[in-house]
Every structure is written in structure tokens, then in C-alpha cells.
Protein chains: 2
Amino acid sequence: MAALIAETTGASAERIRATCYACLLSSRSITAMHSLDILTTRHSTPSRLLNAPAPDAAQLQALLEAAVRVPDHGQLVPFRLLLLRDAPRITFGERIAEIHQRSDPAAPEKALQKDRDRFNQAPLVIVVIARLTAGHKVPEQEQLLSAGCVAYNILLGAHALGFGAQWLTGWAAYDADVATLLGLAVNEKAIGFVHIGTAQETAADRARPTLASICGEWNPAINPHAN
Amino acid sequence: MAALIAETTGASAERIRATCYACLLSSRSITAMHSLDILTTRHSTPSRLLNAPAPDAAQLQALLEAAVRVPDHGQLVPFRLLLLRDAPRITFGERIAEIHQRSDPAAPEKALQKDRDRFNQAPLVIVVIARLTAGHKVPEQEQLLSAGCVAYNILLGAHALGFGAQWLTGWAAYDADVATLLGLAVNEKAIGFVHIGTAQETAADRARPTLASICGEWNPAINPHAN
């Protein structure tokens, strides 16, 4: 069939076979073959390798609409997002460095510059904020994990759209003054700064755990004394 | 172009336009269009609607290999998986009910049957276990979130392969006797039971948060007094 399409369209049969073969199968196969790819091919791109362009307005909207679709026990929406880009993003890095310097007046200039540089590279940084409701029947741990899924979804969505991304934390994610700078409420915490941009080179993947080392089958003999 | 292909292959032009149009674009477009789909079309299927068959051996291996590819600061691999299936899965439900009855001898039979039924439905349940290293430079919160990404990846991968899934917790996820039954170490906790099977009907999606309600742009005016 690839040859037939090539004949009709003038495209290279080899190229069509490579890119379209799966799409000539059933729609379920399309989904299956393409969709695991997003999980198996995604890996972090260090933020220093992320340049402009960022996703455009339409891509960003599609990405964020996809990203907020997460498991959310009780539908508490225990998350919100803040976008850092353009001039404010540079200002944010400067403020981070100032907070660092105030808390440690002896901090070397190199460390302060690292704080600034962290927000100088990728053209878009999405701050993922967990909004936790204490004392709710849905434990805070589950609320936190829901917010974590949003951060991870942003990585996946960025990858799906052809962008590189990295989920970073660092001291700033845990600092009370930075929380104030971000305007966080007392029940909120920044769980990650997700940096997004166009990868200027392909970063190597890292080793991944083998299933044999972390996956087993439960059976009653695991704990023979439970009853 | 769909019309041209239809002419050549005899297939319905409408059908080809629906299933293949994206694939006639560049390979980047294929990835982009198909891959966000996995995020935008996934939603939970209640475990009572999940029947056999479960993923077969090859599908399960592909699913799990994809699922353990998560952000993991420090590469601590802060998670492991236990599969519940076949006869042991039924036994597990019975043990859960027995634990419930021991802790509350007045528990109504209906509640105990609910415990059993929870593990009678989906043909496969994957227990996602967080393995937390205390005192590490990578905060335990980040380790927990990494494990949460594995649970979420299982949902995504199951969906990609055409299966339904639901991430459940319930009292059993937080019970010390159940932790013993699962053979958990003191630094481990079950963060979810991910039920997987073939959806016997299509569950409706639920309302999702609007971006306008949870997404904003950071600017220095958010906190004018930070400096």
C-alpha cells in the first residue's frame, strides 16, 4: 500500500513506509503503536540546552489543557500553574539570587550567577504549585501526587509537541522567601519548575531500572504470618 | 490527498481522511498529533467495569518498561511494583477483608464484601510502592512524586494499549497490617492499587479544570514587597 500511495503522491515509498505504516493499520493499532512511544522516548533535556522557540500560543494552550487532565481523588484540583517567561522570567532569576544573598551574605558570586542563569536559559518555565487541603478525607499525599502528575504531564506534552523539557527543583522550591515571591498561600508549595524549550542538541538518555530489579508478583507466601 | 489515496486504494476517502491525514504530514506532526491524544483521551474506568482480558505477557512487559521511565532526581529508583493477578489476587481481597474484620469486629458484611470485591473485578492490579530514603539530599517529597509518576504512567500506558485502568487507594493503602501483608519494608508505602483490564463499557469523562481558573503568569507585581 505504501507503494501505491507513493505512486499517487510522488513521495518516496521508503519514506512513506517508515512514517505511515502504522497508520494504515486499524485505529486501535495506531493508538497503541504511537502512544507508548511518548513514554518510551521521553527523557529530560538539561535546561541549559533549551533555547527559543518555546511552544507558541496554540501549542501552549493544547499542552496545558492536556496537562491538567490528571487523576484527582475527590476532584479537589489540588494544583495551579504560574508561567515564567519573557522579561519577568529574568527578573525572577535576579530575585532568586537576591534572596540567596540575603540568606547567605557570604555566598560566592558564582552561586548567585547560577541562580540567575537557571532562569536565563529555557524560554518558558512553568511553576507547578500543589494546593493542599489539610484534614480532608482525601489524604494530602494523594493531593500532592495529583499535582505531581501535572508536572509530569507537562514533560510528556512538551515531548509530544517536539520540545525538550526538564523538571527542576533546587533550594528555591523549598524556600519560604521564594514562596512569598511566587505569591503562594500557606497551603501551597512549588513542587517543580518545569523548563521548556527547543533542544539545541539531543541529550542522551540515562540508564533505566530493569523490571527484574523492581517488579514482582504478590503471593500469599510473601507474608505467611499475616493470618 | 485523501481523495487521491482513496481513488488508488478503493478505501473510503472520509475514513482515510479521519485516520491518516496526520500521517501524511511530516513525522514531527505525526508525533505531535498522536501523542497529545494519549493525554487528552485518557480517563479512569471504574474497576467494576474492568474485565478480562488483561494485557498479555508482551503487552504487560512493554507497559511496565514504559512505566518505570519517570523523572527520578538522584536516580534512587524510589519505587517498586507488585502484581496481583489470578488466584493470589482473590486471596489478597480475602485477606484485606479479614484485616478489616479484625480491626473492627462489628464491620458489616457488606463492607467486608466490598473489600473482597475490590480485588475480584479487574484481572490485573499493580501495587505501586514508594521506597523512600530518609535523610537523602533528594527530599522524600521528590521521591514520592517519582513513584507517583510510575502509577500515572501505568494508567497512560494501559490506555495507549487499549485497556482501561483506575488508580485506587482506600483504607488498605494506609493500613499497617496491609503493609505487612504486602511485605513492605518500614521505608515503603503502597501509594496506589492500579486496576487494569478491558473496559466492558466506555465510562464518561468527568469535568476538567479550566485553564483560566488555575493558570496565570508570574510577574514582579505579584509580590512587590519581596525586595
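Quick notes on the rules
Residues numbered from 1 in each chain as written. Chains lettered and ligands numbered in written order. Predicted model: local features only at pLDDT ≥ 70, side-chain atom pairs only at ≥ 80, totals over all residues. Heavy atoms only, no water. Helix = DSSP H or I, 4+ residues; strand = E, 2+ residues; numbered from the N terminus. Buried < 20%, exposed > 50% of the residue type's maximum accessible area, 1.4 Å probe, protein only. Contact = heavy atoms within 4.5 Å. pLDDT = per-residue confidence, 0-100. Core = buried A, V, L, I, M, F, W, Y, C linked by side-chain atoms within 4.5 Å. Pairing = 2+ DSSP bridges. Lys, Arg positive; Asp, Glu negative; His and termini not counted. Salt bridge = Lys/Arg side-chain N within 4 Å of Asp/Glu carboxyl O. Polar contact = N/O pair within 3.5 Å; in protein donor to acceptor, adjacent residues only side chain to side chain. Axes fitted to C-alpha atoms, helices over the stretch in contact; angles between N-to-C directions. Parallel < 35°, antiparallel > 145°, perpendicular 65-115°, else oblique. Left-handed = near helix turned anticlockwise from the far one by under 90°. Nonpolar A, V, L, I, M, F, W, Y, C, P; charged D, E, K, R; others polar.

In terms of regular secondary structure, chain A is built from 9 helices and 6 strands. Looking at chain A as a whole, 50% of its 227 residues qualify as buried. Sequence-distant contacts in chain A: of pairs separated by 6 or more residues, those separated by 24 or more amount to 77%.

Residues and elements named next belong to chain A. Confidence along chain A averages 87 in pLDDT terms, with 83% of residues attaining 70 or more. Per-residue pLDDT stays below 50 along residues 1–31; that stretch engages in 46 contacts with residues further than four places along the chain or on separate chains. Reported confidence for the predicted complex is 0.86 by ipTM and 0.86 by pTM.

The subject of this paragraph is the nonpolar core. Among soluble globular proteins, nonpolar side chains are generally buried collectively. With 80 residues, the main nonpolar core has I126(A), I196(A), I126(B) and I196(B) as its most contacted residues. Among all residues touching I196(A), those that are not within four sequence positions of it are L50(A), P55(A), L63(A), A122(A), P123(A), L124(A), I126(A), I154(A), A158(A), F163(A), G164(A) and A165(A).

Moving on, we get to unusual backbone geometry. Omega for the peptide link from A52(A) to P53(A) comes to 0°, which places this bond in the cis form. Looking at where P53(A) falls in the secondary structure, it is placed in the loop between strand 1 (50–51) and helix 4 (57–67). Unusually for a residue other than glycine, D86(A) sits at a positive phi of about 55°. With respect to the helices and strands, the residue D86(A) is situated in helix 5 (residues 86–103). In this structure D86(A) comes out as exposed when scored by relative accessible area, which is 55%. Of note in the backbone geometry, V77(B) takes a positive phi value of approximately 45° without being a glycine. V77(B) sits in the buried class, given a relative accessible area of 18%.

It is worth spelling out the pairing of strand 4 (residues 164–168) of chain A at this point. Each regular strand carries side chains that alternate between the two faces of the sheet. Residue and element names in this part refer to chain A. Across the 5 residues that make up strand 4, a large majority, 5, are buried. Along strand 4, one buried face is formed by G164, Q166 and L168 and the opposite face, lined by A165 and W167, is buried too. Across 5 bridges, strand 4 lies against strand 5 (residues 188–199) in antiparallel orientation. Residue pairing across strands places Q166 opposite H195, the latter belonging to strand 5.

All names here are of chain A. For strand 5, a buried count of 9 out of 12 residues is recorded, marking the element as mostly surrounded by other parts of the structure. One ladder, built from 2 bridges, connects strand 1 with strand 5; its direction is antiparallel. Bridge pairing in strand 5 links N51 to T198.

This part is about the side chain of E142(A). Here E142(A) is to be found in helix 7 (residues 140–160). Within the buried set, E142(A) has no salt-bridge partner at all; the shortest N-O distance to an opposite charge, 9.1 Å, is to R118(B). Look past the residues within four positions of E142(A) in its chain and what remains in contact with it is H73(A), T169(B) and Y174(B).

Right, let's talk about the environment of Y152(B) for a bit. Take Y152(B): it is sitting in helix 7 (residues 140–160). In this structure, the C-alpha to C-alpha distance between Y152(B) and L184(B), residues 32 residues apart in sequence, is 21 Å. Residue contacts for Y152(B): discarding those within four places in its chain leaves R69(A), P71(A), C149(A), Y152(A), N153(A), L39(B), R42(B) and W167(B). Of note is the side chain of Y152(B), whose polar atom sits 2.7 Å from the side chain of N153(A).

Let us look at the pattern of salt bridges. Using the criterion set out here, one finds 10 salt bridges over all chains in the structure. Among the charged side chains, a salt-bridge network with shared partners connects R69(A), D205(B) and R208(B).

It is worth spelling out the side chain of E142(B) at this point. Side chain to side chain, E142(B) and Y174(A) meet in a polar contact 2.4 Å long. Not counting the four nearest positions on each side in its chain, E142(B) is found in contact with T169(A), Y174(A) and H73(B).

On to the packing of helix 7 of chain A against helix 7 of chain B. It is the contact of helix 7 of chain A with helix 7 of chain B, at a shortest axis distance of 8 Å, that shows an interaxial angle of 65°. Viewed along their axes, helix 7 of chain A and helix 7 of chain B adopt a mutual orientation that is roughly perpendicular. In this structure, the crossing between helix 7 of chain A and helix 7 of chain B has a hand that is right-handed. In this structure, helix 7 of chain A contributes Q141(A), L144(A), L145(A), G148(A), C149(A), Y152(A), N153(A) and L156(A) to the contact, and helix 7 of chain B contributes Q141(B), L144(B), L145(B), G148(B), C149(B), Y152(B), N153(B) and L156(B). Considered class by class, the residues forming the contact of helix 7 of chain A with helix 7 of chain B number 10 nonpolar, 6 polar and no charged.

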